[in-house]
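# Summary of the model geometry
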Amino acid sequence: MSTFPEGFLWGGATAANQCEGGYDADGKGLGVPDIMTGGTVSEPRHVTDGVKPGVHYPSHEAVDMYTHYLDDIALFGEMGFKCYRMSINWSRVFPKGDEEKPNQAGIEFYRRVFEKCRECGIEPMVTLSHYELPYHLAKEYGGWANPKLIDFYLNYARTAMTEYKGLVKYWLTFNEINCLLMGGFGNIMGAGILPPGDDVAMTFGDTPWDVPQKRYQALHYQFLASAKCVVMAHEIDPENKVGCMIAGNVTYPHTCNPDDVILAQRKQREQNFYCGDVQVRGAYPAWAPAVWKREGVSIEVSDEDAATLAAGTVDFYSFSYYMSSTASADPKLIEGGNIFGGAGNEYLKKSDWGWAIDPKGLKYYLEEVYDRYQVPLMIVENGLGAVDVREEDGSVHDSYRVDYLREHIEQMGEAIADGVDLMGYTMWGCIDLVSASTGEMKKRYGFIYVDKDNDGAGTLARSKKDSFYWYKKVIATNGEDLS
Ligand code: BG6
């Protein structure tokens with residue numbers, strides 16, 4: 001007997017800016033990703049001051065789901081997806097972000113997408129903000145450091161929830177909201193706070209132009225926007241279910257040295273629970289002021305803010321999970337590679353992009369988070385970015401991806417057997433798409449291969465990888481047959 005509950009939401013996940021393309025089609029405005037160049041595992045992406053002639057911007061065409069969506073969703077249906085997690089590209093429906101009325105062509109595009117999902121028996125789950133702030137809001141308003149964005153966001157969310165009432169009932173307010181705790185990436189992709197100047201590298205660690213006060217303030221405004229959005233979603237349709245979305249980070253102590261243990265505890269708290277507590281419990285944790293003090297920031301939580309946060313707690317907790325890291329009090333041991341940094345882990349293998357592969361960490365995370373919050377959980381991203389080889393007959397033999405997914409799904413089953421209420425699993429990048437951290441096509445996650453390379457060349461033809469057929473069987477047996 002499968003441990004997975006009946007109605008488990010098996011599926012896949014994407015983000016509009018990484019797969020749609022059509023960056024200026026039918027009235028769409030520029031989004032922040034549209035001014036980001038491609039990079040590699042060792043060469044960072046750059047942010048340019050607007051779109052520059054002759055520069056390759058991977059989001060502009062991406063894998064062109066904007067024109068292939070009917071066939072792509074049909075392929076998801078063929079795999080038996082119960083759920084498709086995707087995002088609405090904010091600048092497709094509000095090209096500048098501060099308009100009152102939406103771009104009707106954008107509204108109709110997503111309506112057709114959701115109708116196709118329904119036709120294929122797929123429940124759409126929509127991320128309202130997945131690293132794709134309208135560029136105008138970043139450039140002219142300073143991104144989320146400006147409180148005016150709260151009302152622009154709510155106008156956009158209200159429009160989407162009203163237009164798609166009855167078609168969409170699962171919503172996520174902000175993708176990986178805790179990325180705002182990180183310098184470069186968090187500023188640019190999470191908060192739309194742009195670097196000064198032109199052609200600036202997007203960093204993951206130290207960021208010379210980072211202003212923590214702005215970043216923490218931006219995060220506070222996103223919390224308020226999210227909480228107001230939850231209340232509004234329930235008013236628009238009591239059937240609506242709204243989740244937070246956290247980048248799940250498991251941090252183990254590097255050794256049993258108490259200094260390592262205390263540091264690991266601090267990282268787990270700050271990276272996972274700082275945002276989780278606000279969005280699920282409705283208040284900052286007791287230790288938040290100590291974090292602000294250490295970071296040299298001051299966040300004022302007025303009585304009105306506190307009431308807003310308390311009223312707008314989410315219905316479920318969703319998260320991404322790719323890797324774990326370790327914490328060491330010895331700075332000499334810190335390694336690069338893992339997005340969350342850390343001191344390496346000799347017990348784990350790494351992906352080609354340096355991310356530590358740790359299926360058991362997923363069980364650990366599920367149980368920690370469920371113990372703390374006791375609300376339904378959903379894994380909305382997990383997968384392996386790898387180099388795939390397409391054979392002449394179009395086949396792709398990605399047994400390494402099947403192994404990765406199998407081992408993670410097994411651990412999900414273990415957590416469910418331990419009593420965790422897990423609603424679903426949407427594997428990341430179910431169709432090959434542009435990598436968020438590096439801007440590459442070469443870092444592929446999909447069950448479906450797309451013929452396109454890092455320089456933008458390729459026919460965009462789709463082909464099914466071996467993992468496509470494997471996942472179809474997993475879904476058909478509700479997680480029973482992982483062979
Ligand atoms: C998550 C993001 O951080 O990880 C996705 O929500 C992203 O947008 C995914 O694509 C995988 O990361 P990457 O850098 O390999 O694309």
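Here, the structure is the one placed above.
### So, the sheet that holds strand β3 (residues 83–87)
- Overall, parallel pairing links the eight strands, which are arranged β1-β3-β4-β5-β7-β9-β11-β12 in a closed barrel. Averaged over all neighbouring strand pairs, the angle between strand axes comes to 25 degrees, with direction disregarded.
- In this sheet, strand β7 (residues 241–247) lies alongside strand β5 (residues 170–172) in parallel orientation, the contact comprising three bridges. Looking at the pairing, L172 lines up with G243 of β7.
- Set on the sheet, helix α9 (residues 258–281) makes contact with β7 and β9 (316–320); between it and β7 the angle comes to about 165 degrees.

### Notes on the pairing of strand β11 (residues 377–381)
- Of all five residues in β11, five are buried; the element is thus mostly enclosed.
- Two elements, β11 and strand β12 (residues 422–428), share three bridges in a ladder whose sense is parallel. Across the sheet, residue L377 finds its bridge partner in β12, namely L422.
- For the segment spanning β11, helix α13 (residues 399–417) and β12, crossover handedness is right-handed.

### Concerning unusual backbone geometry
- In this structure, D26 is a non-glycine residue whose phi angle is positive, near 50 degrees.
- By secondary structure assignment, the location of D26 is in the loop between α1 (16–19) and β2 (46–47).
- Notably, Q374 is not glycine yet its phi reads approximately 50 degrees, a positive angle.
- Its location among the elements puts Q374 in the loop between α12 (359–373) and β11.

### Some thoughts on the environment of E346
- With respect to the helices, strands and loops of the structure, E346 is situated in the loop between β10 (324–327) and α12.
- E346 sits in the exposed class, given a relative accessible area of 73%.
- Sequence-wise, E346 and Y84 are 262 residues apart; in three dimensions their C-alpha atoms are separated by 36 Å.

### Structural notes on helix α7 (residues 184–191)
- The buried count for α7 comes to eight of eight residues, which makes it a mostly enclosed element.
- What α7 keeps buried is the set G184, F185, G186, N187, I188, M189, G190 and A191.
- Residues of α7 that are buried in the fold lie against β2 and α8 (212–236).
- Phi turns positive, to about 65 degrees, at G192, one or two residues after α7.

### Here's the deal with the side chain of E440
- Within the secondary structure layout, E440 lies in the loop between β12 and β13 (448–450).
- Each residue touching E440, except ones within four places of it in the same chain, is listed here: G39, T40, V41, W353, L433, V434, S435 and N454.

### Concerning the nonpolar core
- Counting 148 residues, the largest nonpolar core has F76, W144, Y274, Y317 and M412 as the members making the most contacts within it.
- Of all the elements, α8 adds the most residues to this core, at 13 residues.
- Once residues within four sequence positions are removed from consideration, Y317 is found in contact with C244, I246, N272, G276, V280, Y365, V369, Y373, V375, P376, L377 and M378.
- Ranked by size, the runner-up nonpolar core spans ten residues in total, among them M125, M245, M378 and M423.

### Observations regarding the packing of aromatic side chains
- A full pass over the atoms with the stated rule returns 38 aromatic pairs.
- Taken together, a centroid distance of 4.7 Å and an interplanar angle of 65 degrees make the contact between F8 and W10 edge-to-face.
- Its relative accessible area of 2% is what places F8 among the buried residues.
- W10 gets classed as buried once you look at its relative accessible area, which sits at 0%.
- Here the aromatic residues F4, F8, W10, F76, F81, Y84, Y425, F447, W470 and Y471 are joined through ring pairs into a cluster of three or more.
- It is R92 that lies over the ring of F109; its NZ or CZ is 5.6 Å from the centre.

### Observations regarding the layout of surface pockets
- Computed from the structure, the second largest pocket encloses a volume of approximately 340 Å³.
- In terms of lining, the second largest pocket is formed by 15 residues, of which the most central are K349, K350, I357, Y400 and Y404.
- For the lining of the second largest pocket, the element with the most residues is α13, which contributes four residues.
- When its residues are assigned to classes, the lining of the second largest pocket shows eight nonpolar, two polar and five charged.

### Looking at the site of the ligand
- Around the ligand sit 14 residues in total, of which E176, E381, S437, K443 and Y445 are the nearest.
- The separation between an oxygen atom of the ligand and a polar side-chain atom of E381 is 2.7 Å.
- For the ligand, the cavity whose grid points lie within 2 Å of the majority of its atoms is the largest cavity.
- Counted by class, the shell around the ligand contains six nonpolar, five polar and three charged residues.

Analysis parameters
- Each chain carries its own residue numbering, running from 1 in the written order of its sequence.
- A pLDDT threshold of at least 70 governs which residues receive local features in this predicted model, and a stricter bar of 80 or more applies before side-chain atom pairs are shown or counted, although totals over entire chains, interfaces and linings include all residues.
- To obtain the side-chain values, all non-hydrogen atoms of the structure were included, while hydrogens and water were left out.
- For two strands to be treated as a pair, DSSP must find no fewer than two bridges joining them.
- Each helix corresponds to a stretch of at least 4 residues labelled H or I by DSSP, and each strand to a stretch of at least 2 residues labelled E; elements are numbered beginning at the N terminus.
- Axes here refer to lines fitted to C-alpha atoms; in helices the fit is confined to the stretch in contact. Angles between the N-to-C directions go from 0 to 180 degrees.
- Should any heavy atoms of two residues lie within 4.5 Å, those residues are considered in contact.
- Whether a residue is buried, partly exposed or exposed follows from its accessible area with a 1.4 Å probe, protein chains only, as a fraction of its type maximum: under 20%, in between, or over 50%, in that order.
- Here, the term right-handed applies to a crossover whose path from the first strand over the helix to the second runs clockwise when the strands point away from the viewer.
- Residues belong to one nonpolar core when they are buried, are Ala, Val, Leu, Ile, Met, Phe, Trp, Tyr or Cys, and are joined through side-chain atoms within 4.5 Å.
- Here a pair means two rings of Phe, Tyr or Trp (six-membered ring of Trp) with centres within 6.5 Å. Their orientation is stacked below 30 degrees between planes, edge-to-face above 60, and tilted elsewhere.
- Our definition puts a charge over a ring when NZ of Lys or CZ of Arg is within 6 Å of the ring centre and also within 35 degrees of the ring normal.
- Using a 1 Å grid laid over the protein atoms alone, points where a 1.4 Å probe fits but cannot get out form a cavity; open sets with protein on both sides within 12 Å along at least 5 of 7 lines form a pocket; any residue with an atom within 4 Å of a point counts as lining.
- Grid points are joined across faces, edges and corners, and a volume is the space filled by probe spheres set on the points.
- Gly is placed with the polar residues, together with every amino acid not listed as nonpolar (Ala, Val, Leu, Ile, Met, Phe, Trp, Tyr, Cys and Pro) or charged (Asp, Glu, Lys and Arg).
- A cutoff of 4 Å decides nearness: a residue is near a molecule or strand if any of its heavy atoms lies inside that distance of it.
- Each polar contact in these results corresponds to two N or O atoms within 3.5 Å; when the atoms are within protein, one needs to be able to donate a hydrogen and the other to accept it, and residues that are neighboring in sequence are counted only if both atoms are side-chain atoms.
- Here the criterion for a molecule occupying a pocket or cavity is that more than half of its atoms lie within 2 Å of the pocket grid points.

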